[in-house]
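# Architecture at a glance
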Amino acid sequence: MDIKDMGGPLDGAGISAFLRSLPAEPLLLGLGEARHFVGELGEVRNEIFRHLVEREGYRAFAIESDCLMGLVVDDHVTTGAGTLDDVMERGFSHGFGAFPANRELVRWMRAYNEEHDEKIRFFGFDGPLEYWAASPRQALTALHALLDGPLPCTGETLDTLLGPDERWANEAAAMDPSQSIGRSADAQRLRLIADDLVALLDTQVPRLSAEDRERAALYGRTATGLLRYHYWMADASPARWARLSALRDAMMAANLRAVAERGPALVFAHNLHLQRNKSLMPFGDQLLEWWSAGAIAGAHLGDRYAFLASALGTVGDDTPPPDTVEGILSTLPWDHSLIDTRRLAEAVTKSAPRVSHDFRYFPLDPAQLGTIDGLVFLGQAVRLD
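Only a predicted model underlies this, so the values are computations on that prediction, with no experimental measurement involved.

Turning to the packing of helix H7 (residues 155-162) against helix H8 (residues 185-204), a few remarks are in order. Where H7 contacts H8, the axes come no closer than 9 Å and their chain directions differ by 140 degrees. Between H7 and H8, the crossing angle belongs to the class labelled oblique. The two elements H7 and H8 cross, and the hand of that crossing is left-handed. Along the contact surface, H7 presents Thr 157, Leu 158, Leu 161 and Leu 162, while H8 presents Asp 186, Arg 189, Leu 190 and Ile 193.

This part takes up the pattern of salt bridges. Applying the stated criterion across every chain yields a total of 22 salt bridges. Among the salt bridges present, the one from Glu 261 reaches Arg 262, with a minimum N-O distance of 3.9 Å. For Glu 261, a relative accessible area of 60% puts it in the exposed group. The network of salt bridges with shared partners includes Asp 74, Arg 121, Glu 214, Glu 261 and Arg 262.

The final tally for this structure, using the stated rule, is one cavity of 30 Å³ or more. Taken together, Glu 33, His 36, Phe 37, Ile 63, Glu 64, Phe 96, Phe 99, Asn 102 and Phe 268 make up the full set of residues lining the largest cavity. Grouping the amino acids of the lining of the largest cavity by side-chain chemistry returns five nonpolar, two polar and two charged.

With that out of the way, let us pick up the pairing of strand E2 (residues 28-33). Burial runs high along E2: six of the six residues are buried. Burial along E2 is two-sided: Leu 28, Gly 30 and Gly 32 and Leu 29, Leu 31 and Glu 33, pointing in opposite directions, are all buried. In this sheet, strand E5 (residues 265-270) lies alongside E2 in parallel orientation, the contact comprising six bridges. Residue Gly 30 lies in a different strand from E5, and its bridge partner there is Val 267.

Taken in spatial order, the eight strands line up as E1-E9-E10-E8-E2-E5-E3-E4 in an open sheet, and their pairing is mixed. The sheet terminates laterally at strand E1 (7-9) and strand E4 (121-126), the two strands that pair on one side only. Going across the sheet, the axis of each strand differs from the next one's by a mean of 25 degrees, ignoring polarity. Sheet topology note: the E1/strand E9 (residues 336-339) ladder contains three bridges and is antiparallel.

Where strand E6 (residues 279-283) lies against strand E7 (residues 286-290), five bridges are found, and the strand directions are antiparallel. Across the sheet, residue Ser 279 finds its bridge partner in E7, namely Trp 290. As consecutive antiparallel partners, E6 and E7 are separated by two residues, and within that stretch Gly 284 has a phi angle of approximately 65 degrees, a positive value.

It is worth spelling out the environment of Glu 171 at this point. Mapped onto the fold, Glu 171 is located in the loop between H7 and H8. C-alpha separation for the pair Glu 171 and Tyr 131, spaced 40 residues apart in sequence, amounts to 8.0 Å.

Another point: the packing of aromatic side chains. On inspection of all chains with the given rule, the structure shows ten aromatic pairs. Relative to Phe 122, the ring of Phe 61 lies with its centre 5.9 Å away and its plane at 35 degrees, an arrangement referred to as tilted. With Phe 61 in strand E3 (residues 60-66) and Phe 122 in strand E4, the pair connects residues that are 61 residues apart, well separated along the chain. Exposure remark for Phe 61: the relative accessible area of 0% places this residue in the buried category. Centroid distance Tyr 131 to Trp 241: 5.7 Å. Interplanar angle 75 degrees. Geometry classified as edge-to-face. In this pair, Tyr 131 sits in the loop between E4 and helix H6 (137-146) while Trp 241 sits in helix H10 (residues 240-260), placing the two residues 110 residues apart along the sequence. The exposure class of Tyr 131 is partly exposed, given its relative accessible area of 41%. Taking the relative accessible area as the measure of exposure, Trp 241 reaches 8% and is therefore buried. Each residue in the set Phe 49, Phe 61, Phe 92, Trp 108, Tyr 112 and Phe 122 is aromatic and connected to the rest through ring pairs, giving one cluster. Lying across the ring of Trp 232, Arg 183 places its NZ or CZ 5.2 Å from the centre.

With 80 residues, the main nonpolar core has Leu 28, Leu 29, Phe 49, Phe 61, Met 109, Leu 329 and Leu 344 as its most contacted residues. Per-element tally for this core: the top contributor is strand E8 (residues 305-315), with eight residues. Residues within four places of Leu 28 in sequence aside, it is in contact with Leu 256, Val 259, Ala 260, Ala 265, Val 267, Leu 301, Arg 304, Tyr 305 and Ala 306.

What follows deals with the side chain of Arg 137. Residue placement: Arg 137 occurs in helix H6. At 2.7 Å, the side chain of Arg 137 and the side chain of Asp 159 are in polar contact. Here Gly 163 takes part through its backbone oxygen, which lies 2.4 Å from a polar atom of the side chain of Arg 137. In this structure Arg 137 touches Ala 142, Asp 159, Leu 162, Gly 163 and Asp 165, once residues within four positions along its chain are discounted.

Roughly 760 Å³ of volume is contained in the largest pocket. Broken down by secondary-structure element, the contributors of at least two residues to the lining of the largest pocket are H10, helix H11 (271-274), E6 and E7. Looking at which element gives the most residues to the lining of the largest pocket, the answer is H10, with five residues. Looking at the lining of the largest pocket residue by residue, the class counts come to 14 nonpolar, five polar and seven charged. Of the volumes computed, that of the second largest pocket is approximately 480 Å³. What lines the second largest pocket is a set of 24 residues, and nearest its centre among them are Leu 272, Gln 275, Pro 363, Leu 364 and Asp 365. For the lining of the second largest pocket, the secondary structure elements donating two or more residues are H11 and E8. Per element, the largest residue contribution to the lining of the second largest pocket is four residues, and it comes from E8. Split by residue class, the lining of the second largest pocket holds 13 nonpolar, eight polar and three charged.

How each quantity is defined
Residues numbered from 1 in each chain as written. Predicted model: local features only at pLDDT ≥ 70, side-chain atom pairs only at ≥ 80, totals over all residues. Heavy atoms only, no water. Axes fitted to C-alpha atoms, helices over the stretch in contact; angles between N-to-C directions. Helix = DSSP H or I, 4+ residues; strand = E, 2+ residues; numbered from the N terminus. Parallel < 35°, antiparallel > 145°, perpendicular 65-115°, else oblique. Left-handed = near helix turned anticlockwise from the far one by under 90°. Contact = heavy atoms within 4.5 Å. Salt bridge = Lys/Arg side-chain N within 4 Å of Asp/Glu carboxyl O. Buried < 20%, exposed > 50% of the residue type's maximum accessible area, 1.4 Å probe, protein only. 1 Å grid on protein atoms, 1.4 Å probe; cavity = no way out; pocket = protein on both sides within 12 Å on 5 of 7 lines; lining within 4 Å. Points joined across faces, edges and corners; volume = space filled by probe spheres on them. Nonpolar A, V, L, I, M, F, W, Y, C, P; charged D, E, K, R; others polar. Pairing = 2+ DSSP bridges. Phe/Tyr/Trp six-rings, centres within 6.5 Å; stacked < 30°, edge-to-face > 60°. Lys NZ or Arg CZ within 6 Å of the ring centre and 35° of its normal. Core = buried A, V, L, I, M, F, W, Y, C linked by side-chain atoms within 4.5 Å. Polar contact = N/O pair within 3.5 Å; in protein donor to acceptor, adjacent residues only side chain to side chain.

Structure below.
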């Protein structure tokens, strides 16, 4: 079979044809990154999103960034609040605000909304965490402020229990469980208060505006998720890192299910967070296993979730061997290609796994091609970090 018969150039027509090939219109279309901070992939993502909005009726964009910081970006693109410089600084985590393609995306979304009555929305869907976690202060106090009495505690009590944010955002606790605050008496009480606030929210939904309901639900998910994450940061057992990885993706998945209610939406994150198969990652002498956010969200949404993975050919001086999937795809005549992965899986059964010189690049696993709905392949790319 000719490799060119398995795909075509990545353009609007190809994206629309891909969507028509799916068993149902997705509420969430995941576009995965094989590596963060690849300029060409960000530009391709922006072109895909513009096409989805203008031709396919997509209404939202979600990115692997802090869900609370994302509110700053959403306010800007929907109402014009803040300057673009300020939004890029305060609205993204993980350094994503400095990525030029993200700045261009936010600028375009704001320009689009200025000309259309039906607004497109922006969401961060990661928790306020990396390997360590932030203070639950913002989520807890914002949820507390939206609710009416009788409340489980006063704002003053909440502030006293939270204490200084520095004791929550202690990066050393990522590697040293004994430095985590997560199982202290204050943290344990805050978990009960957060649970009571979320239960109280359910009783007060009718009196809240649609915007307040959406934000209160986000605050509730984030507060309980962060406190749960902090609790397990204090765990010294061998299962600690697998548990923390799973909890992070579960928080992502809960946010994605909320985004799906505002969909259809394009979701942009690392392939590992969007894939359907179980995630595996070497960590010291352990092999961590957990289900990704995409796998969890997909289990709930069924065929209303679709996943476009990405893969890269040559990145800098890292060129794929010709017997790998990326090496085979590098013979395609297009700079950017959209591949039918199920046909590809049938044709490259003897391909070798790629070993990349770039530790931040996660090569395609030939054994998992059948779990991917489609593949965006870039023949050459440049890292920006």
